[in-house]
Amino acid sequence: MMHEPATHPLLSPPAKLVVSGVSKTFHTNRTTVHALDNVSLTVGEGEFVCLVGPSGCGKSTLLDIVAGLTKADSGTVMADDQPVQGPGRHRLVMFQESALFPWLTVLGNVLFGLKLKPELSPSERLEIAHEHLKLVGLTKFTHSNVHELSGGMKQRVALARSLAPDPRVLLMDEPLAALDALTRDQLYSDIQRIWQTRNKTIVLVTHNVREAVCLGDRVVLLSPHPGRIRAEFAIPLPRPRDINGAELAGYAREITSALKGYITSEDAE
Ligand code: ADP
């Protein structure tokens, strides 16, 4: 059960997420994979943190543990000063494949997300759903069927569906990886605009260093076998950021070369 955090008006807001000493090992019939080893990470209120690393370094596992979808073997995750013991409506995850309901319209999918807020009246839900479809630029497609939409539009619906219940933390697992480059570029702008207007705390997983630099206040680098946090980079560039910008490319180069230092050729994709 989720509890509302105890806040005091004179205290600064608590860190949204505190991951302390989290380890996770997966055992299968044939192998044992040490997916995360003693990982600690703090994410502040309204911060946009990107987790970067090659495939298999434990990024998704870490996100799933923060979401409460996977249990850590050891260590703790605190969200708003409360231990994470399972999924909660204040930590919603958006995945690479949008996982929309094909039998519902665009509006129906966003309304479905609002079931997480039973305290709202039907008219309030409708108003919030419309507001979020406007936010992601899909007003014209409100009554469209999901299968009529492009991949980018589906991810926009997924974004609206995740944001509509107003979670305190949005967790994004490679949300743009399946999209073509032009669609991705547009979504980089949209995500920045939405993050700035909504001031959400976001943790985004990606293997794309430029994407991480474009979106994040901070880029956290993981390396595999076992999955460990190796370095963190603050990205103080002004927003909105252009994915093709020269300064951004400079940070991306620096982070990529650090990453190469942490992985062996066997680990690289
Ligand atoms: P990333 O997101 O960085 O690509 P993952 O967190 O998906 O990495 O996986 C980390 C490691 O844990 C990988 O070697 C992967 O094969 C393994 N792993 C992840 N989930 C499972 C699972 N449910 N069962 C067995 N191994 C898993």
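A quick note: this is a predicted structure, and the numbers were derived from the prediction, not measured.

Trainee: Describe the nonpolar core, listing the residues and the values that go with them.
Mentor: Counting residues in each nonpolar core, the largest one holds 53 residues, and the members touching the most others are Leu-159, Val-213 and Val-219. Take this core: its biggest share by element is six residues, from helix H4 (residues 151-163). Both domains that meet at this core, namely domain 1 (1-90 + 169-249 + 264-269) and domain 2 (100-166), each give it at least three residues. The residues contacting Val-213, other than those within four sequence positions of it, are Val-219, Ile-235, Leu-237, Arg-241, Leu-248, Tyr-251, Ala-252 and Ile-255.

Trainee: Requested: an account of the packing of aromatic side chains, with residues and values cited.
Mentor: Applying the stated rule across the entire model yields three aromatic pairs. Ring-pair connections join several aromatic residues into one group, and the members of that group are Phe-101, Trp-103 and Phe-112. Cation over ring: Arg-161 sits above Phe-101, and NZ or CZ is 5.8 Å from the ring centre.

Trainee: Explain unusual backbone geometry to me, using residue names and the numbers behind them.
Mentor: Here the amide bond leading from His-225 into Pro-226 is cis, since omega sits at -5 degrees, within 30 degrees of zero. Here Pro-226 lies in the loop between strand E9 (218-223) and strand E10 (228-234). The linkage connecting Arg-239 with the following residue, Pro-240, adopts the cis geometry, with an omega of 0 degrees. Tracing the chain through its elements places Pro-240 in the loop between E10 and helix H7 (246-262). Positive phi outside glycine occurs at Glu-174, with the angle close to 45 degrees. The phi dihedral of Asn-199 falls on the positive side, at around 55 degrees, and the residue is not glycine. You can see Asn-199 is positioned in the loop between helix H5 (181-198) and strand E8 (201-206).

Trainee: So what's going on with the side chain of Glu-47? Which residues, and what values?
Mentor: Structurally, Glu-47 is set in the loop between strand E2 (32-43) and strand E3 (48-52). The exposure class assigned to Glu-47 is buried, which follows from its relative accessible area of 16%.

Trainee: An account of the environment of Arg-241 is requested, with residue identities and associated values reported.
Mentor: Mapping Arg-241 onto the fold places it in the loop between E10 and H7. Using a relative accessible area of 7% as the deciding quantity, one classes Arg-241 as buried. Along the sequence, Arg-241 and Tyr-188 sit 53 residues apart, while their C-alpha atoms lie 8.5 Å from each other. With near-sequence residues (within four places) excluded, Arg-241 lies in contact with Gln-192, Val-213, Cys-214, Leu-215, Gly-216, Ile-235, Pro-236 and Leu-248. Here the side chain of Arg-241 touches Ile-235 through a polar contact of 2.8 Å, landing on its backbone oxygen. Of the polar contacts made by the side chain of Arg-241, one reaches the backbone oxygen of Leu-237; its length is 2.9 Å.

Trainee: Describe the sheet that holds strand E4 (residues 74-79), naming the residues involved and giving the relevant values.
Mentor: Pairing within the open sheet is antiparallel, and its four strands lie in the order E2-E1-E4-E5. On the outer flanks of this sheet lie E2 and strand E5 (82-83), each paired with one strand and no other. Note: strand E1 (residues 17-27) against E4, five bridges, orientation antiparallel. Within E4, the residue paired with Val-19 across the bridge is Val-77. Helix H1 (residues 59-67) contacts E1, E2 and E4 of the sheet and is inclined by roughly 120 degrees relative to E1.

Trainee: Summarise the site of the ligand; cite the residues concerned and give the values.
Mentor: Every residue close to the ligand is listed here: Phe-26, Thr-28, Val-33, Ala-35, Pro-54, Ser-55, Gly-56, Cys-57, Gly-58, Lys-59, Ser-60 and Thr-61. In the model, an oxygen atom of the ligand is placed 2.9 Å from a nitrogen or oxygen of the Lys-59 side chain. Measuring from an oxygen atom of the ligand, one finds a side-chain N or O atom of Ser-60 at 2.8 Å. When isolated, the ligand has an accessible area of 560 Å², and the protein chains bury 62% of it. Of all the secondary-structure elements, those providing two or more residues to the shell around the ligand are E2 and H1. The leading source of residues in the shell around the ligand is H1, at three residues. Across the shell around the ligand, the residue classes break down as five nonpolar, six polar and one charged.

Reading the values: rules and limits
Residues numbered from 1 in each chain as written. Predicted model: local features only at pLDDT ≥ 70, side-chain atom pairs only at ≥ 80, totals over all residues. Heavy atoms only, no water. Core = buried A, V, L, I, M, F, W, Y, C linked by side-chain atoms within 4.5 Å. Buried < 20%, exposed > 50% of the residue type's maximum accessible area, 1.4 Å probe, protein only. Helix = DSSP H or I, 4+ residues; strand = E, 2+ residues; numbered from the N terminus. Domains from an automatic or database assignment. Contact = heavy atoms within 4.5 Å. Phe/Tyr/Trp six-rings, centres within 6.5 Å; stacked < 30°, edge-to-face > 60°. Lys NZ or Arg CZ within 6 Å of the ring centre and 35° of its normal. Polar contact = N/O pair within 3.5 Å; in protein donor to acceptor, adjacent residues only side chain to side chain. Pairing = 2+ DSSP bridges. Axes fitted to C-alpha atoms, helices over the stretch in contact; angles between N-to-C directions. Near = heavy atom within 4 Å. Areas by Shrake-Rupley, 256 points an atom, 1.4 Å probe, with all protein chains shown as cover. Nonpolar A, V, L, I, M, F, W, Y, C, P; charged D, E, K, R; others polar.

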